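# Working through the structure, step by step
What follows is each chain in one-letter form.
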Amino acid sequence: MPELPEVETLRQHLDGVARGFRVQKILVNKPRIVRPESVTAFKRLLGGQTIHHIDRRGKFLMVHLNGGSPFKPLIIHLGMSGRLFFRDRSDAFQDIPHLAVALEGDDRVLCYVDVRGFGRWTFDVSSLERMGPEPLDPDTFHPEYLQQICRDRSVKIKDLLMHQERVAGLGNIYVNEVLFLSRLHPMRPAGTIPKPGLVVLCQAIRKTLTEAVRLGTSSDLDFEGTGRGDGFFYFGRSGQADREVKERFRVYGREGQPCPACDTPILRMMISQRGTYYCPTCQTL
DNA sequence: CGTCATGTTAAGGA
DNA sequence: TTCCTTAACATGAC
């Protein structure tokens with residue numbers, strides 16, 4: 001589910017309902033999620049703490065705590081399939097399929113469901129420390145920064161933009177959208193893009209992410225992935241909700257459909273084992 | 001049976 | 001050392 005817009009939408013939602021939530025009891029059904037910490041060590045760090053507020057960095061949620069021994073925030077990454085939502089404590093939350101972690105409070109339970117188990121709950125900040133700038137922060141993310149990270153690099157521009165140490169928060173869906181708006185071929189070596197192209201790229205990144213956050217925060221969302229909401233958090237392959245979501249994308253998931261700009265059929269190729277969608281007329285090498 | 005899926009990262013080569 | 005590429009992780013849908 002999660003690229004920067006989805007995580008930011010979830011953050012805004014959770015921040016409004018999670019403040020003051022005190023962790024009374026912790027259930028860890030999938031120990032892999034709290035790696036490399038042991039389950040007992042993880043519980044010792046989190047037990048009894050109260051959620052103060054929730055921040056975001058790239059695709060990571062940072063759950064700031066107080067009242068406990070470590071003042072380090074709990075860092076949550078949703079991986080490919082993580083979902084986070086509250087349930088009433090009287091509900092049978094323990095029967096939820098693929099429930100990986102549950103934090104029981106006084107009357108609510110914060111449930112973390114993760115089918116594939118790529119997500120992570122940790123107090124280790126090492127992956128945050130190397131993270132690139134926030135693309136929506138104009139002070140640190142601007143055409144000159146893009147110029148700096150692209151210079152002398154032969155890596156494909158798509159791979160560079162998805163690398164979290166270069167830009168925080170872009171993933172495989174929005175990077176396709178960004179490159180389409182920028183008229184850049186996904187395989188274009190980063191170092192061959194002239195300055196005007198990087199100015200356009202910077203604008204495209206800001207526009208794509210800002211638009212997606214605005215859509216997310218103004219919609220009735222399905223945080224649990226039950227299909228009852230408008231499906232913004234539920235990118236499956238079929239179903240009404242998924243089609244509604246995919247209609248918002250200009251090229252992602254649109255192989256064979258006409259380019260919104262020139263009607264040429266959208267192509268799909270694999271780059272670094274990820275599906276890549278582009279218009280061969282608008283995005284040339 | 002095979003392919004694909006919103007992500008990260010360890011390992012290896014140049 | 002830096003840069004770049006690839007495979008692996010785990011589960012479900014089609």
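All residue numbers refer to position in the chain's written sequence, counted from 1. Following the order in which they are written, the chains are lettered starting with A and the ligands numbered starting with 1. pLDDT decides what is reported in this predicted model: residues at 70 or higher carry local features, side-chain atom pairs at 80 or more are listed and counted, and totals for whole chains, interfaces and linings draw on all residues regardless. In computing side-chain properties, one takes all heavy atoms of the structure into account and sets aside hydrogens as well as water.

### Things to note about the overall build of chain A
Only DSSP runs of H or I with at least four residues qualify as helices, and only runs of E with at least two residues qualify as strands; both kinds are numbered from the N terminus onward. Each helix and strand in chain A was counted, giving eight helices and ten strands. The globule rule puts the C-alpha radius of gyration for 285 residues at 19 Å, and the 20 Å found for chain A is close to it. Summarising its shape, the C-alpha atoms of chain A cover approximately 55 × 40 × 30 Å along the three principal directions. Out of the 285 residues belonging to chain A, those deemed buried represent 51%. Intrachain contacts of chain A at a sequence separation of at least 6 include 62% that bridge at least 24 residues. When the accessible area of chain A is evaluated, it comes to approximately 13,100 Å², of which 49% is carbon and sulfur surface. For the radius of gyration, the atoms used are the C-alpha atoms, and the globule rule reads 2.2 Å times the number of residues raised to 0.38. The rule is simple: take the accessible area with a 1.4 Å probe, protein chains only, and divide by the maximum for that residue type; under 20% is buried, over 50% is exposed, in between is partly exposed. Contacts are residue-level and defined by heavy atoms, with any inter-residue pair within 4.5 Å sufficient. Using a 1.4 Å probe, accessible areas were evaluated by the Shrake-Rupley method; residue-level cover was limited to the displayed protein chains.

### Quick notes on the domain arrangement of chain A
Domain delimitation in this document rests on an assignment produced automatically or drawn from a domain database. As assigned here, chain A comprises domain 1 (4-129) and domain 2 (143-218 + 249-278). Placing the centre of domain 1 and that of domain 2 at their C-alpha centroids yields a distance of 31 Å. The interface of domain 1 with domain 2 comprises ten residues on the first partner and twelve residues on the second. Accessible area that two parts lose when put together, evaluated with a 1.4 Å probe and summed over both, is termed the buried area. Carbon and sulfur atoms make up 66% of the surface buried where domain 1 meets domain 2, a total of about 810 Å² over both sides. Among the residues domain 1 hides against domain 2, the three largest losses belong to Leu4, Pro5 and Lys59. Together they make up 52% of the total. Any pair of nitrogen or oxygen atoms within 3.5 Å is treated as a polar contact; in protein, a donor-acceptor pairing is required on top of that, and neighbouring residues in sequence qualify only through side-chain atoms on both sides. Here domain 1 is connected to domain 2 by three residue pairs in polar contact (both at pLDDT 80 or more). The element contributing the most residues to the side of domain 1 that touches domain 2 is helix α1 (residues 4-18), with six residues. Grouping the amino acids of the side of domain 1 that touches domain 2 by side-chain chemistry returns three nonpolar, three polar and four charged. Ten residue types, Ala, Val, Leu, Ile, Met, Phe, Trp, Tyr, Cys and Pro, are classed as nonpolar, four, Asp, Glu, Lys and Arg, as charged, and the remainder, Gly among them, as polar.

### Some words on the packing of α1 against helix α7 (residues 195-217)
Two elements in contact, α1 and α7, have axes separated by 9 Å at closest approach and are oriented at 40°. Taken together, α1 and α7 sit at an angle that is classed as oblique. The handedness of the crossing between α1 and α7 is right-handed. Where α1 approaches α7, its residues Leu4, Pro5, Glu8, Thr9 and Gln12 are matched on the opposing element by Leu209, Ala212, Val213, Gly216 and Thr217. Lines are fitted to the C-alpha atoms to define the axes, a helix being fitted only along its stretch in contact, and any angle between axes, read from their N-to-C directions, falls within 0 to 180 degrees. Throughout, the term roughly parallel applies to angles under 35 degrees, roughly antiparallel to angles over 145, roughly perpendicular to angles from 65 to 115, and oblique to all others. In this scheme the crossing of two helices becomes right-handed for a clockwise turn of the near helix relative to the far one and left-handed for an anticlockwise turn of less than a right angle.

### A few points about the environment of Leu110
Along the chain, Leu110 falls in strand β7 (residues 108-114). Judged by its relative accessible area of 6%, Leu110 falls in the buried class. As a C-alpha pair, Leu110 and Phe85 span 25 residues in sequence and 5.8 Å in three-dimensional space. The residues touching Leu110, leaving out its near neighbours within four places in the chain, are Leu14, Phe21, Ile51, Leu84, Phe85, Phe86, Val101, Ala102 and Leu103.

### A short note on the pairing of β7
Burial runs high along β7: six of the seven residues are buried. When DSSP finds two or more bridges between two strands, those strands count as paired. Relative to β7, strand β5 (residues 82-88) is paired through seven bridges, and the arrangement is antiparallel. By the bridge assignment, Asp88 is partnered in β7 with Arg108. In terms of strand pairing, strand β6 (residues 99-104) meets β7 through five bridges, oriented antiparallel. Across the sheet, residue Ala102 finds its bridge partner in β7, namely Cys111. Counting the residues between successive antiparallel strands, the hairpin from β6 to β7 contains three residues.

### Thoughts on the packing of aromatic side chains
Each aromatic ring pair is characterised by the separation of its centres together with the angle its planes make. Planes of paired rings set the category: under 30 degrees apart is stacked, over 60 is edge-to-face and the rest tilted, where pairs are Phe, Tyr or Trp rings (Trp by its six-membered ring) whose centres lie within 6.5 Å. Tallying each qualifying case throughout the model produces eight aromatic pairs. Ring centres of Phe21 and Phe86 lie 5.3 Å apart, and the angle between their planes is 65°; on these two criteria the pair is classed as edge-to-face. Of the two residues, Phe21 is situated in the loop between α1 and β1 (25-28) and Phe86 in strand β5; the sequence distance between them amounts to 65 residues. Residues Phe21 and Phe86 agree in their burial class; the two are buried. Where Phe42 meets Phe123, the ring centres are 6.1 Å apart and the plane angle is 50°; that geometry is what we call tilted. Taken together, the residues Phe42 in helix α2 (residues 39-46) and Phe123 in the loop between β8 (120-122) and α3 (126-129) connect sequence positions 81 residues apart. Comparing Phe42 with Phe123 shows no difference in burial state: the two are buried. Three or more aromatic residues link up through ring pairs in this structure, and these residues are Phe42, Tyr112, Trp121 and Phe123. Should the NZ of a Lys or the CZ of an Arg lie within 6 Å of a ring centre and within 35 degrees of the ring normal, that charge is described as sitting over the ring. A cation sits over an aromatic face here: Arg108 above Phe86, 4.2 Å from the ring centre.

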